Amino acid sequence: MPRTTAHRAALAAALVTPLLLPLGTAGPARAHGAPTDPVSRVVACSPEGGDRAGTAACRAAVAANGAPFTAWDNLRVANVNGRDRAVIPDGKLCSGGLPAYRGLDLARADWPSTRMAPGAKLTMRYVSTIPHTGTFRMYLTKPGYDPAGPLSWSDLPEKPFAEVTDPALTDGAYRMEATLPSDRTGRHVLYTVWQNSSTPDTYYSCSDVVFPEKEKEPRKTEEPEKKEPAKKEPGTKAPERKGEPETEEPVASPAVESPGPQPQGDHTPLATTSGPASGPSAPVLAGGAAAVLLLAGGAALALRLRRR
Ligand SMILES: [Cu+2]
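Residues numbered from 1 in each chain as written. Predicted model: local features only at pLDDT ≥ 70, side-chain atom pairs only at ≥ 80, totals over all residues. Heavy atoms only, no water.

Draft legend 1. Structural detail: the overall build of the chain. Each helix and strand counted, the chain has five helices and 10 strands in total. Within the chain, the proportion of its 308 residues that are buried is 49%. Long-range contacts, defined here as pairs at least 24 residues apart, represent 77% of the contacts in the chain between residues at least 6 apart. Accessible surface computed for the chain: about 14700 Å², of which carbon and sulfur atoms make up 56%. (Helix = DSSP H or I, 4+ residues; strand = E, 2+ residues; numbered from the N terminus. Buried < 20%, exposed > 50% of the residue type's maximum accessible area, 1.4 Å probe, protein only. Contact = heavy atoms within 4.5 Å. Areas by Shrake-Rupley, 256 points an atom, 1.4 Å probe, with all protein chains shown as cover.)

Set out below in structure tokens:
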């Protein structure tokens with residue numbers, strides 16, 4: 001594994017205690033990004049995904065993939081330029097059509113998920129250690145979405161429920177505020193598209209989210225097998241699960257400041273190797289390049305951490 005311990009520790013810290021991660025003052029490291037809250041499939045099932053990586057869904061995904069999701073931050077396709085629906089095939093939205101991530105496209109209803117409240121404020125955390133400029137678009141599968149079928153573009157509304165351009169990068173992550181649609185129940189996919197403006201790349205991510213099921217009848221009859229969603233009992237809050245999106249946490253205001261033009265030299269565009277039509281060896285090359293970049297970034301991070 002070409003990943004450094006420092007880098008692994010960085011993601012672990014980002015997943016557990018993002019506010020404590022001292023990346024905010026750091027210079028650019030060589031990496032890209034992915035949503036960690038609500039956690040994306042690729043992060044959850046990566047070797048750094050902790051308990052989530054051991055779930056049946058993640059084990060099946062890795063098996064179908066034929067390789068672990070080590071490069072969790074490299075799910076990107078070059079030169080899409082906003083033509084997501086034309087370039088990324090139906091059923092392959094979660095992999096971006098990239099063979100190296102095909103395990104993420106499995107149609108399952110048990111992916112590691114994050115609980116959400118309809119209509120609530122969402123603060124998405126999208127870990128990244130290099131400040132690309134660009135626009136994030138967030139989509140939520142339509143009411144009635146069936147997680148047992150392949151995810152297709154027709155499952156997503158035409159318009160994103162949130163769109164954020166050039167959010168501030170704080171504590172190693174972009175934080176984006178959005179208001180969730182209020183009419184969803186049950187399991188859904190939050191699909192995030194990050195179209196860079198400072199690179200030719202677009203990043204794709206599936207985060208599995210679960211809204212409370214609708215109460216069918218106001219409790220006239222007892223249904224013993226019925227599960228009460230999010231029953232409030234003092235002192236029994238599950239520590240592992242993310243409940244409602246955090247509302248008390250101060251967040252960077254979205255889309256106010258632009259970090260300015262990025263030198264292209266600090267990033268390796270994979271224009272010729274990362275398209276969905278490229279051969280099976282291309283993602284391996286891409287992964288190798290990313291691994292080198294990540295190695296460099298991890299070393300830089302280690303130095304920074306040591307200096308503190
Ligand atoms: Cu990048």
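Draft legend 2. View of helix α3 (residues 56–65). Along α3, the residues classified as buried are Ala 57, Cys 58, Ala 61 and Asn 65. Down the axis of α3, the buried side of the element spans an arc of 95°, and every buried residue falls inside it. Set apart from the buried face of α3 by more than 90 degrees, the exposed residues are Arg 59 and Ala 63. Summarising the contacts, the buried residues of α3 are in contact with α2 (41–44). Taken from the residues just after α3, Gly 66 is the one with a positive phi, measuring 80°. (Arc of directions from axis to C-beta.)

Draft legend 3. Representation of the pairing of strand β9 (residues 186–196) in the model. Most of β9 sits out of view: 10 of its 11 residues are buried. With seven bridges joining them, strand β5 (residues 134–140) and β9 adopt antiparallel strand pairing. Counterpart to Met 138 in the pairing with β9 is Thr 192. Hairpin connection of β9 to strand β10 (residues 201–211): four residues between the antiparallel strands. (Pairing = 2+ DSSP bridges.)

Draft legend 4. Broad picture of the pattern of salt bridges. Per the counting criterion, the structure on display carries eight salt bridges. Between Arg 108 and Asp 110 there is a salt bridge, and its shortest N-O distance comes to 2.8 Å. For Arg 108, a relative accessible area of 24% translates into the label partly exposed. The salt bridge involving Lys 121 is made with Glu 177; its shortest N-O contact spans 3.2 Å. With Lys 121 in strand β4 (residues 121–128) and Glu 177 in strand β8 (residues 173–179), the pair connects residues that are 56 residues apart, well separated along the chain. Residue classification places Lys 121 among the partly exposed positions, given a relative accessible area of 29%. The exposure class assigned to Glu 177 is partly exposed, which follows from its relative accessible area of 28%. (Salt bridge = Lys/Arg side-chain N within 4 Å of Asp/Glu carboxyl O.)

Draft legend 5. Structural context of unusual backbone geometry. Note the cis peptide between Asp 37 and Pro 38, where omega equals 0°. Looking at the secondary structure, you find Pro 38 in the loop between β1 (33–37) and α2. Residue Asn 79 is not a glycine yet carries a positive backbone phi of 60°. Inspection of the secondary structure puts Asn 79 in the loop between β2 (76–78) and α4 (84–87). The backbone of Asn 81 shows a phi angle near 55°, a positive value even though the residue is not glycine. By secondary structure assignment, the location of Asn 81 is in the loop between β2 and α4.

Draft legend 6. Representation of the packing of aromatic side chains in the model. Scanning all chains against the criterion turns up nine aromatic pairs. A ring pair is formed by Tyr 126 and Phe 136, whose centres lie 4.9 Å apart and whose planes are at 70°; its orientation type is edge-to-face. Of this pair, Tyr 126 sits in strand β4 while Phe 136 sits in strand β5, placing them 10 residues apart in sequence. For the residue pair Tyr 126 and Phe 136, the accessibility class agrees, reading buried in each case. Seen in terms of ring centroids, Tyr 126 and Trp 194 are 5.3 Å apart; in terms of plane orientation they differ by 70°. Their pairing is edge-to-face. With Tyr 126 in strand β4 and Trp 194 in strand β9, the pair connects residues that are 68 residues apart, well separated along the chain. Like Tyr 126, the residue Trp 194 is buried in the burial classification. Taken together, the ring pairs connect Tyr 126, Phe 136, Tyr 174, Trp 194 and Tyr 203 into an aromatic cluster. (Phe/Tyr/Trp six-rings, centres within 6.5 Å; stacked < 30°, edge-to-face > 60°.)

Draft legend 7. Representation of the state of the cysteines. Within this structure, the stated rule accounts for two disulfides. Residue pairing for Cys 45: its cysteine sulfur links by disulfide to Cys 58, the two sulfurs lying 1.9 Å apart. Here the S-S torsion is close to -75°, and the disulfide linking Cys 45 with Cys 58 is therefore left-handed. Of the two residues, Cys 45 is situated in the loop between α2 and α3 and Cys 58 in helix α3; the sequence distance between them amounts to 13 residues. Each member of the pair Cys 45 and Cys 58 is classed as buried. Put simply, Cys 94 and Cys 206 are joined by a disulfide, and their sulfur atoms are 2.0 Å apart. On the S-S bond that ties Cys 94 to Cys 206, the torsion sits near -85°, and the link is left-handed. With a gap of 112 residues between them, Cys 94 in the loop between α4 and β3 (113–115) and Cys 206 in strand β10 connect regions that are remote in the sequence. (Disulfide = S-S within 2.5 Å.)

Such coordinate-based values are descriptive only and should not be taken to indicate function.
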